[in-house]
Amino acid sequence: YPYGDGSMQGAPHEYTHLYQQGQAKSNAFEISWYTEGSATFFGWIIAMHGTDPQLTKQAQFFNSQFWQMSEAAKSDFKSRDIAKFKSRMQILSGRNSKETSLSGSYWVGGLAFEVLVALYGVDKFVELTKNLESNKDISSLLNQTYGFNADYFYEKLAPYVWAQIPPQ
């Protein structure tokens, strides 16, 4: 791939968006970290399956996603402050806009779906996406699908995300 390994994830990433839109209809792009994060996660996993056993390229790709965020988003994550983390996740729970998509949706959302799929499987992602058609409140949606609210999820997710912050 002349544009690097990260470009390999483009097609499966965009096909994930087609799936989201087919299931969640007009709400498919309402929750930024869900929309871009799950597409990033599935795009990378599908594109690189079997070619990156040590996950070195995956780590490099996610590191580049981190450094592309706004300074404010990087600062919130690097602070390792749970209140700032939850606040940033709430920002990223809104409608996808230029500001939110460039401020962590791909990176933190990809990590969030790495956790959700590892713990609950792809079937729960399918259920979450279907539930999104009639429910776009992230806390209620997580509770409906997984049995816990956003506040609980963010508290459990934060230490994993903080551990993925690349060194300076």
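The structure presented is a predicted model; accordingly, all values stated were derived computationally and were not measured.

Peer 1: What am I meant to see in the packing of aromatic side chains here?
Peer 2: The description of an aromatic ring pair rests on the distance of the ring centres and on the angle between the ring planes. Under the defined criterion, the tally for this structure stands at 22 aromatic pairs. Relative to tyrosine 152, the ring of phenylalanine 148 lies with its centre 5.5 Å away and its plane at 45 degrees, an arrangement referred to as tilted. Judged by its relative accessible area of 10%, phenylalanine 148 falls in the buried class. Where phenylalanine 148 meets phenylalanine 153, the ring centres are 5.8 Å apart and the plane angle is 25 degrees; that geometry is what we call stacked.

Peer 1: What am I meant to see in the nonpolar core here?
Peer 2: Grouped burial of nonpolar side chains is what soluble globular proteins tend to show. Core analysis: the largest hydrophobic core is formed by 44 residues, its most contacted members being Trp33, Phe77, Phe85, Trp107 and Phe153. Of all the secondary-structure elements, those providing two or more residues to this core are helix 2 (32-48), helix 3 (56-67), helix 4 (71-78), helix 5 (82-91), helix 6 (98-120), helix 7 (122-132), helix 8 (138-146) and helix 9 (150-163). Here the element with the most residues in this core is helix 6; it accounts for eight residues. Those residues in contact with phenylalanine 153 that lie beyond four places of it in its chain are Trp33, Ala112, Leu116, Leu142 and Phe148.

Peer 1: Hey, could you run me through the environment of lysine 136 in this one?
Peer 2: Turning to its location among the elements, lysine 136 is positioned in the loop between helix 7 and helix 8. Lysine 136 sits 43 residues away from serine 93 along the chain, and the two C-alpha atoms are 9.2 Å apart. When neighbours within four sequence positions are excluded, lysine 136 is seen to be in contact with Asn27, Glu30 and Ile31.

Peer 1: Teacher, can you tell me more about the side chain of threonine 129 here?
Peer 2: Mapped onto the fold, threonine 129 is located in helix 7. Filtering out sequence-adjacent residues up to four positions away, threonine 129 remains in contact with Tyr19, Gln20, Gln23, Ala24 and Tyr34.

Cut-offs applied
Residues numbered from 1 in each chain as written. Predicted model: local features only at pLDDT ≥ 70, side-chain atom pairs only at ≥ 80, totals over all residues. Heavy atoms only, no water. Phe/Tyr/Trp six-rings, centres within 6.5 Å; stacked < 30°, edge-to-face > 60°. Buried < 20%, exposed > 50% of the residue type's maximum accessible area, 1.4 Å probe, protein only. Core = buried A, V, L, I, M, F, W, Y, C linked by side-chain atoms within 4.5 Å. Helix = DSSP H or I, 4+ residues; strand = E, 2+ residues; numbered from the N terminus. Contact = heavy atoms within 4.5 Å.

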